[in-house]
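# Reading the structure
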Amino acid sequence: MFILNTWYIAAWGSEITDKPFARRICNQPVVLFRDQQTKKIAALEDKCCHRAAPLSMGVVVEAGLQCGYHGVVHDCAGRCVHIPGQDKIPARAKVRAYPVVEKNEFIWIWMGDPELADESLIVDYPFNDDHAHWPHHQGFYHIKAGYMLMVDNLMDLTHLGYVHGSTIGGNPLTHVEALMDVTKTDDSIKYVRWMLDSVPPPTYLAAVPFKGRVDRWQEFEFSPPSNVLQWSGAVDAGTGARENGKRTGGFSLRIFHGLTPETENTCFYFYAPANGYRPEDEAATAALMDHISEAFLEDKLICEGQQARLDELGDGALVDIVSDATRVQLRRIVRRMAEAEARQNEARALEKAQRVAVPQV
């Protein structure tokens, strides 16, 4: 079951050029393209209204997207605007168009009821637009696992010392015994994990010449149903990071994690590691991307293995442990979102049925 009345990342803005771009989202085939005149993004159902050929196999023309089978053209709203050799265009010659917004380098898409698409609901992430202070590279993985498994992974960092021991992890006990500051509401979770007087992990040491042990933090905010905002870093131990909020002069990175469901058991992972410790150094930004991508590949492999076993054996015998507290909370939030959407859909369907049933005078 997918939550449809929400915004998902369809692509990086840089991925959408002068050619149609195909992507499956919430198990629906979608094609994205830029209007030749305005350069704005459009997203259509990837099926020509004529003979159902994928529109992604066509070309972008001045009037819209031209099907590669018979040359039928659809505009950005999905309407058929040109049929070769035919002047009259049937009123029902159209395909579904999806609301899309380009913001913070992402292309956001709304897969549900277009009347409910509210741009103000898109999470704000200005750091992607601040290249002077937070330079970053754009990352992407296709993952053969459901998107919620990846959200679970990101919001439970006790796995770092085991999965990422050679990269961003460090000592496993350091993560298990971390101090936690947690803020919860009905529709969000935010926490800060503090690992005081700890040994810096390899990725941190490669970036900053620490004097010795460090005070390390990991700040994570869940933006349901599928985005996680991260701010992590470390400063020399005992310099007031937790007590006084002094988090400058050491290692600091921000990462936007965006998970978009492709199918029930596959997803797209968009991430942007931003260099906040040597922002003027492109080599440092590139090295950070390499380190983070290596670590996220480890997450990819573990979650794909997890999905394979769930597909094979199910989840009936699984047990929760203390490190699952945040995961349980975020799953409840997503479940409430799904239930609210189901009730909303039922109410709208009933309202529509009642309107149809009213006799016309």
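## Here we look at the overall build of the protein chain
A count of helical and extended segments in the protein chain gives seven helices and 17 strands. Dimensions along the principal axes, computed over C-alpha positions, put the protein chain at roughly 75 × 45 × 40 Å. Within the protein chain, the fraction of its 361 residues that count as buried is 49%. Taking contacts inside the protein chain between residues at least 6 apart in sequence as the whole, the part at least 24 apart equals 59%. Carbon together with sulfur atoms contributes 52% to the accessible area of the protein chain, which is approximately 18000 Å² in total. Taken together, the 37 basic and 48 acidic charged side chains of the protein chain have centroids lying 4 Å from each other.

## Brief notes about helix α6 (residues 282–313)
The end-to-end C-alpha distance of α6 is 46 Å, a good match for the 46 Å that 32 residues give at a rise of 1.5 Å each. For α6, the side-chain oxygen to backbone nitrogen distance between the N-cap and A283 is 3.0 Å, and the N-cap itself is D281. Of the residues trailing α6, G314 is marked for its positive phi of about 80°.

## Comments concerning the pattern of salt bridges
Counted according to the given criterion, the structure contains 19 salt bridges. Across the pair D181 and R242 runs a salt bridge whose closest N-O atoms are separated by 3.0 Å. Of this pair, D181 sits in strand β12 (residues 179–185) while R242 sits in helix α5 (residues 241–244), and the two are 61 residues apart along the sequence. For D181, a relative accessible area of 32% corresponds to the partly exposed category.

## Examining the pairing of strand β11 (residues 139–143)
Here β11 shows a clear split, with G139, Y141 and I143 buried on one side and none of F140 and H142 buried on the other. By the bridge criterion, five bridges tie β11 to strand β17 (residues 266–275) in an arrangement that is antiparallel. Along β17, the bridge assignment pairs I143 with C267.

## A few points about the sheet that holds strand β6 (residues 64–66)
Strand order in the open sheet formed by four strands is β5-β6-β7-β8, and the pairing between neighbours is antiparallel. Two strands bound the open sheet, and with one partner strand each, they are β5 (59–61) and β8 (80–82). One ladder, built from two bridges, connects β6 with strand β7 (residues 73–74); its direction is antiparallel. Looking across to β7, one finds that Q66 is bridged to V73.

## Re a positive patch on the surface
A cluster of like positive charges, contributed by K184, R332, R335 and R336, occupies part of the molecular surface. With three residues, the single largest contributor to the positive patch is helix α7 (residues 325–357). Within the secondary structure, R336 sits in helix α7.

## Observations concerning the packing of helix α1 (residues 147–155) against α6
At their nearest, the axes of α1 and α6 sit 10 Å apart, and the two run at 130° to each other. Classed by the angle they form, the pair α1 and α6 counts as oblique. Relative to α6, the crossing made by α1 is right-handed. Only D299, I302, C303, Q306, Q307 and L310 of α6 make contact with α1, whose side of the interface consists of L149, M150 and N153. Considering only residue class, the contact of α1 with α6 consists of five nonpolar, three polar and one charged.

## Notes on the environment of E351
If you trace the backbone, E351 turns up in helix α7. Note: C-alpha distance between E351 and M1 (350 residues apart in sequence) is 23 Å.

## Regarding the side chain of E105
Relative to the helices and strands, E105 is located in the loop between β9 (100–103) and β10 (106–110). It turns out E105 is buried and unbridged, and the closest side chain with the opposite charge, R34, is 11 Å from it.

## Here we look at α1
For α1, a buried count of nine out of nine residues is recorded, marking the element as mostly surrounded by other parts of the structure. Inspection of α1 places Y147, M148, L149, M150, V151, D152, N153, L154 and M155 among the buried residues, and these make up the whole buried set.

## Comments concerning the side chain of D75
Position of D75 among the secondary structure elements: in the loop between β7 and β8. Among all residues touching D75, those that are not within four sequence positions of it are F33, L44, A63, G64 and V81.

## Focus on the layout of surface pockets
Estimated volume of the largest pocket: approximately 1300 Å³. The wall of the largest pocket is formed by 36 residues, among which L149, D152, Q306, R327 and R331 lie closest to the centre. Among the elements of the structure, α1, α6 and α7 are those that each provide at least two residues to the lining of the largest pocket. Residue composition of the lining of the largest pocket, grouped by class: 17 nonpolar, eight polar and 11 charged.

## Quick notes on the state of the cysteines
Counted by the stated rule, this structure contains zero disulfides. The structure places no disulfide on C48, whose sulfur is separated from the nearest cysteine sulfur, that of C67, by 3.8 Å. Judged by its relative accessible area of 3%, C48 falls in the buried class. Lacking any disulfide linkage, C76 is separated from the closest cysteine sulfur, that of C80, by 14 Å.

The rules behind each value
Residues numbered from 1 in each chain as written. Predicted model: local features only at pLDDT ≥ 70, side-chain atom pairs only at ≥ 80, totals over all residues. Heavy atoms only, no water. Helix = DSSP H or I, 4+ residues; strand = E, 2+ residues; numbered from the N terminus. Buried < 20%, exposed > 50% of the residue type's maximum accessible area, 1.4 Å probe, protein only. Contact = heavy atoms within 4.5 Å. Areas by Shrake-Rupley, 256 points an atom, 1.4 Å probe, with all protein chains shown as cover. Lys, Arg positive; Asp, Glu negative; His and termini not counted. Charge placed at Lys NZ, Arg CZ, Asp CG, Glu CD. Expected span 1.5 Å × (residues − 1). Polar contact = N/O pair within 3.5 Å; in protein donor to acceptor, adjacent residues only side chain to side chain. Salt bridge = Lys/Arg side-chain N within 4 Å of Asp/Glu carboxyl O. Pairing = 2+ DSSP bridges. Patch = residues over 30% accessible without salt bridge, like charges linked within 9 Å, V, L, I, M, F, W, Y side chains within 5 Å. Axes fitted to C-alpha atoms, helices over the stretch in contact; angles between N-to-C directions. Parallel < 35°, antiparallel > 145°, perpendicular 65-115°, else oblique. Left-handed = near helix turned anticlockwise from the far one by under 90°. Nonpolar A, V, L, I, M, F, W, Y, C, P; charged D, E, K, R; others polar. 1 Å grid on protein atoms, 1.4 Å probe; cavity = no way out; pocket = protein on both sides within 12 Å on 5 of 7 lines; lining within 4 Å. Points joined across faces, edges and corners; volume = space filled by probe spheres on them. Disulfide = S-S within 2.5 Å.

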